[in-house]
Amino acid sequence: MKNIVLLGFMGTGKSAVGRRLATVFHYQFIDTDQVIEEKTHKRVAEIFSEQGEEAFRRLESEAVFDLAERTGCVISTGGGIVLDSKNLDLLQKNGILVLLRCRPEVIFKRVQKRAGQRPLLQKADPLSEIKRLLAEREPFYRRADITLDTSDMNLEDVVQQIKRKVLEIEGRESTA
Ligand code: S3P
């Protein structure tokens, strides 16, 4: 029972897809941002404004380290988790890395709703910032075992496609 680890930019649907996948697979759902918030008793945006991004990244890596030995979980990660290859090494040891992609314009529209909770997008031109961050993160996305562009898909289709691909990988591994 490998974990299913959801990677991807803010607004690509990791939390919604993750919760639904956890139900479908009867796995526990874990959200790394939530783990950090529970541990620090602070919101992610507060950690960014009070301690800065580097401190947040350290907390994020600690959360990954603590989760590394778990199995049978769906883990929804913060969008920047891919920036540290050690995070991906640990998550991939017991997990299948699933990358959710989206066109920048779709991300822009989706993140409008909770704009105040997205410290990295507090910029004069958030769409350009999304494009810049996506380009910066592109090389790290190649680590994913499964990639899906969710821009034009509904939640249930995304979940079913991931389920099919995960079962395919697990089938391949059990007969290897
Ligand atoms: C971040 C994404 C956020 C959160 C933090 C930084 C990023 O998580 O971890 O604001 O660097 O892309 P979500 O992707 O769950 O919104």
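In the block above lies the structure referred to throughout.
On a predicted model such as this, the values are computed, not experimentally measured, just so you know.

## Overview of the environment of Gly80
Item 1. Position of Gly80 among the secondary structure elements: in the loop between strand S3 (73-76) and helix H5 (85-93).
Item 2. For the pair Gly80 and Arg57, spaced 23 residues apart in the sequence, the C-alpha separation amounts to 8.0 Å.

## Quick look at the site of the ligand
Item 1. What surrounds the ligand is a group of 15 residues, the closest being Lys14, Asp33, Arg57, Arg118 and Arg137.
Item 2. The separation between an oxygen atom of the ligand and a polar side-chain atom of Lys14 is 2.5 Å.
Item 3. Residue Asp33 places a side-chain N or O atom 2.8 Å away from an oxygen atom belonging to the ligand.
Item 4. Taken by itself the ligand offers 390 Å² of open surface, and the protein chains cover 94% of this.
Item 5. Residue assignment for the shell around the ligand shows that the elements contributing at least two residues are helix H3 (44-51) and helix H4 (53-67).
Item 6. Counting residues per element, the shell around the ligand draws most heavily on H4, at three residues.

## Here we look at helix H6 (residues 104-111)
Item 1. Regarding H6, the residues found buried are Pro104, Val106, Ile107 and Val111. The buried residues of H6 occupy an angular sector of 160° when the element is viewed end-on, so they sit on one face.
Item 2. Packed against the buried residues of H6 are helix H7 (126-141).

## Structural notes on the side chain of Glu60
Item 1. Counting through the fold element by element, Glu60 comes out in helix H4.
Item 2. With sequence-adjacent residues up to four places away left out, Glu60 is seen in contact with Asp33, Ile36, Gly78, Gly80 and Ile81.

## What to know about unusual backbone geometry
Item 1. Of note in this structure, His26 is not a glycine but carries a positive phi near 55°.
Item 2. Mapped onto the elements, His26 comes out in the loop between helix H1 (14-25) and strand S2 (28-31).
Item 3. The backbone of His41 shows a phi angle near 55°, a positive value even though the residue is not glycine.
Item 4. Along the chain, the position of His41 falls in the loop between helix H2 (32-40) and H3.
Item 5. You can call His41 exposed: its relative accessible area is 71%.

## Overview of the nonpolar core
Item 1. In terms of nonpolar packing, the biggest core is built from 33 residues, with Leu7, Phe9, Ile107 and Ile130 touching the most fellow members.
Item 2. Elements with a contribution of two residues or more to this core: strand S1 (3-8), H3, H4, S3, H5, strand S4 (95-101), H6 and H7.
Item 3. Tallying contributions element by element places H4 first for this core, with five residues.
Item 4. The residues contacting Leu7, other than those within four sequence positions of it, are Lys14, Thr77, Ile81, Val82, Leu88, Leu97, Val98, Leu99 and Leu100.

About the thresholds
Residues numbered from 1 in each chain as written. Predicted model: local features only at pLDDT ≥ 70, side-chain atom pairs only at ≥ 80, totals over all residues. Heavy atoms only, no water. Helix = DSSP H or I, 4+ residues; strand = E, 2+ residues; numbered from the N terminus. Near = heavy atom within 4 Å. Polar contact = N/O pair within 3.5 Å; in protein donor to acceptor, adjacent residues only side chain to side chain. Areas by Shrake-Rupley, 256 points an atom, 1.4 Å probe, with all protein chains shown as cover. Buried < 20%, exposed > 50% of the residue type's maximum accessible area, 1.4 Å probe, protein only. Arc of directions from axis to C-beta. Contact = heavy atoms within 4.5 Å. Core = buried A, V, L, I, M, F, W, Y, C linked by side-chain atoms within 4.5 Å.

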